[in-house]
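Fold and geometry: a report
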Amino acid sequence: GFAVQDWGGGYAPRTGGEKDSTWGTWVTAYTLAIESLVFALNAPPGPAQGRTYIAFLFQYLAWTAVALLHQYFPVPPAGKPWSTSFLSLDPMSIHLALRIISAVALVLAGCFIACAAQTLVREMGACGGRKGGGCCTCLFVMVGLVLSGAAGVAHLMPPQTFVPQWVLIAIPQGGSLMAAFIACGSGACTSCAAMLCTFVLGVVILLVAPTPFVMSPNFNETGLAHAAYMLYLAAIMGLIADLSAGVEDYKDEEFAQSLDRMRLEQMEASARLEERMALKAVNMDGPMCGCGFPA
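Points about the overall build of the protein chain
For the protein chain, the helix and strand inventory stands at eight helices and zero strands. Counting from the amino terminus, helix and strand elements in the protein chain follow one another as α-α-α-α-α-α-α-α. When the 295 residues of the protein chain are sorted by exposure, 41% land in the buried category. Restricting the contact set of the protein chain to residue pairs at least 6 apart, pairs at least 24 apart contribute 76%. Surface accessibility of the protein chain: about 15300 Å² in total, with carbon and sulfur atoms responsible for 69%.

Dropping the structure here:
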């Protein structure tokens, strides 16, 4: 991205937004999709493996839709027709459909990531214990509905309506951030901080729109933000991996404690048996009655 910038060039129109068809944007979106698929296929084993797998599959679907949108169905400049059609379908309708698919898939991915984090934290004895967490699940459902509604409103706006790119990305990703707040007290502070920092980095890039990226016809600020979200996905995967390892450590510690309890119970039972045997021996050594038993 830095290599293709015109660092000495003058002013040029912005190339980002819904009209963005730069190769940097859709190539980085395809890269995010591939990264998500790799993470889905390598979900850490454990109680949250299925939810992690589904979450990253939704991420794969979302970023594939983003890549197709910018590569084949960007909004044309004012006064120009849509240049691409597919199976005689209205390209504007396909554009809106891809926007909705990407937004809803990102929201669902975030909710599944948050559920996976909550499951792992609960397995470590927090969040209400292993039988708790019902309130957390209800919270995820409500947050998911709110985010889906907000993302749907933002993405259903007509293509000519200006909606900031950071809004289109930050709202759907809100569910994923819940995982960082859920796990911040479970010993995975580094991964939580990495999630927050990389997410904020992507939003700041879109807000600041640094020059000359904002005017680049090859690799603009959206592609740069996508590069930041590659790190964000890696941080999410790192958080799930850290929590899964924490669950294994917790189970090992529980097993060791159960062994210690068993040894203690065996020692107490042995001590009680020795007391009974000693008492019986004392009784056997006492005076006998005529029938041959202790008096």
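What to know about a nonpolar patch on the surface
Nonpolar side chains collect at one region of the surface, where L37, L41, Y53, I54 and Y60 lie side by side and expose about 430 Å² of accessible area between them. For the nonpolar patch, the leading source of residues is helix α2 (residues 49-72), giving three residues. For L41, a relative accessible area of 60% puts it in the exposed group.

A closer look at the nonpolar core
Formed by 39 residues in total, the largest nonpolar core has its most connected members in L239 and L243. Of all the secondary-structure elements, those providing two or more residues to this core are α1 (23-41), α2, α3 (91-123), α6 (174-183), α7 (189-208) and α8 (221-284). At 10 residues, the largest contribution of residues to this core is made by α8. Membership of the second largest hydrophobic core comes to seven residues, among which are I205, F213, L224 and A228.

Digging into the packing of α1 against α2
Interhelical geometry of α1 versus α2 gives an angle of 165 degrees and a closest axis separation of 8 Å. With respect to their mutual orientation, α1 and α2 come out roughly antiparallel. Taken as a pair, α1 and α2 cross one another with a handedness that is left-handed. Partitioned by chemical class, the residues of the contact of α1 with α2 number 18 nonpolar, six polar and no charged.

Things to note about the side chain of T52
With respect to the helices and strands, the residue T52 is situated in helix α2. On the basis of relative accessibility, which here comes to 2%, the residue T52 falls in the buried class. Excluding residues within four positions of it along the chain, T52 makes contact with A43, P44, A116 and I240.

Topic: α3
In this model, α3 (33 residues) spans 47 Å end to end at C-alpha, consistent with the 48 Å of a helix rising 1.5 Å per residue. Of all 33 residues in α3, 25 are buried; the element is thus mostly enclosed.

Some details on the confidence of the model for the protein chain
For the protein chain, per-residue confidence averages 75 on the pLDDT scale, and 62% of positions sit at 70 or higher. Between the elements of the protein chain, mean pLDDT differs from a low of 56, seen in helix α4 (residues 134-155), to a high of 94, seen in α1. Confidence drops under a pLDDT of 50 for residues 128-135, and excluding neighbours within four residues, the segment shows 11 contacts in the predicted structure.

Things to note about the packing of aromatic side chains
Taken as a whole, this structure holds seven aromatic pairs when the rule is applied. Relative to Y30, the ring of W26 lies with its centre 6.2 Å away and its plane at 85 degrees, an arrangement referred to as edge-to-face. Within this pair, W26 and its partner Y30 are both found in helix α1, separated by four residues, close to a single helical turn. With a centroid separation of 5.5 Å and an interplanar angle of 70 degrees, the aromatic rings of F39 and F56 are classed as edge-to-face. With F39 in helix α1 and F56 in helix α2, the pair connects residues that are 17 residues apart, well separated along the chain.

So, the environment of S244
One can find S244 in helix α8. Among the residues examined, S244 registers a relative accessible area of 8% and is labelled buried. Among the polar contacts listed, one links the side chain of S244 to the backbone oxygen of I240, at a separation of 2.9 Å.

Observations regarding the packing of α2 against α3
Taken N-terminus to C-terminus, the directions of α2 and α3 make an angle of 160 degrees; their axes are 8 Å apart at the nearest point. With respect to α3, the element α2 is oriented roughly antiparallel. In this structure, α2 crosses over α3, and the sense of that crossing is left-handed. Split into classes, the residues belonging to the contact of α2 with α3 amount to 20 nonpolar, five polar and two charged.

What about α2?
Here α2 spans 34 Å end to end across 24 residues, near enough to the 34 Å set by a 1.5 Å rise per residue. Regarding α2, the residues found buried are T52, A55, F56, Q59, A62, W63, A65, V66, A67, L69 and H70.

Considerations on the environment of A114
If you trace the backbone, A114 turns up in helix α3. Judged by its relative accessible area of 0%, A114 falls in the buried class. Linking A114 and A183, residues 69 residues apart in sequence, is a C-alpha distance of 9.2 Å.

Criteria and cut-off values
Residues numbered from 1 in each chain as written. Predicted model: local features only at pLDDT ≥ 70, side-chain atom pairs only at ≥ 80, totals over all residues. Heavy atoms only, no water. Helix = DSSP H or I, 4+ residues; strand = E, 2+ residues; numbered from the N terminus. Buried < 20%, exposed > 50% of the residue type's maximum accessible area, 1.4 Å probe, protein only. Contact = heavy atoms within 4.5 Å. Areas by Shrake-Rupley, 256 points an atom, 1.4 Å probe, with all protein chains shown as cover. Patch = residues over 30% accessible without salt bridge, like charges linked within 9 Å, V, L, I, M, F, W, Y side chains within 5 Å. Salt bridge = Lys/Arg side-chain N within 4 Å of Asp/Glu carboxyl O. Core = buried A, V, L, I, M, F, W, Y, C linked by side-chain atoms within 4.5 Å. Axes fitted to C-alpha atoms, helices over the stretch in contact; angles between N-to-C directions. Parallel < 35°, antiparallel > 145°, perpendicular 65-115°, else oblique. Left-handed = near helix turned anticlockwise from the far one by under 90°. Nonpolar A, V, L, I, M, F, W, Y, C, P; charged D, E, K, R; others polar. Expected span 1.5 Å × (residues − 1). pLDDT = per-residue confidence, 0-100. Phe/Tyr/Trp six-rings, centres within 6.5 Å; stacked < 30°, edge-to-face > 60°. Polar contact = N/O pair within 3.5 Å; in protein donor to acceptor, adjacent residues only side chain to side chain.

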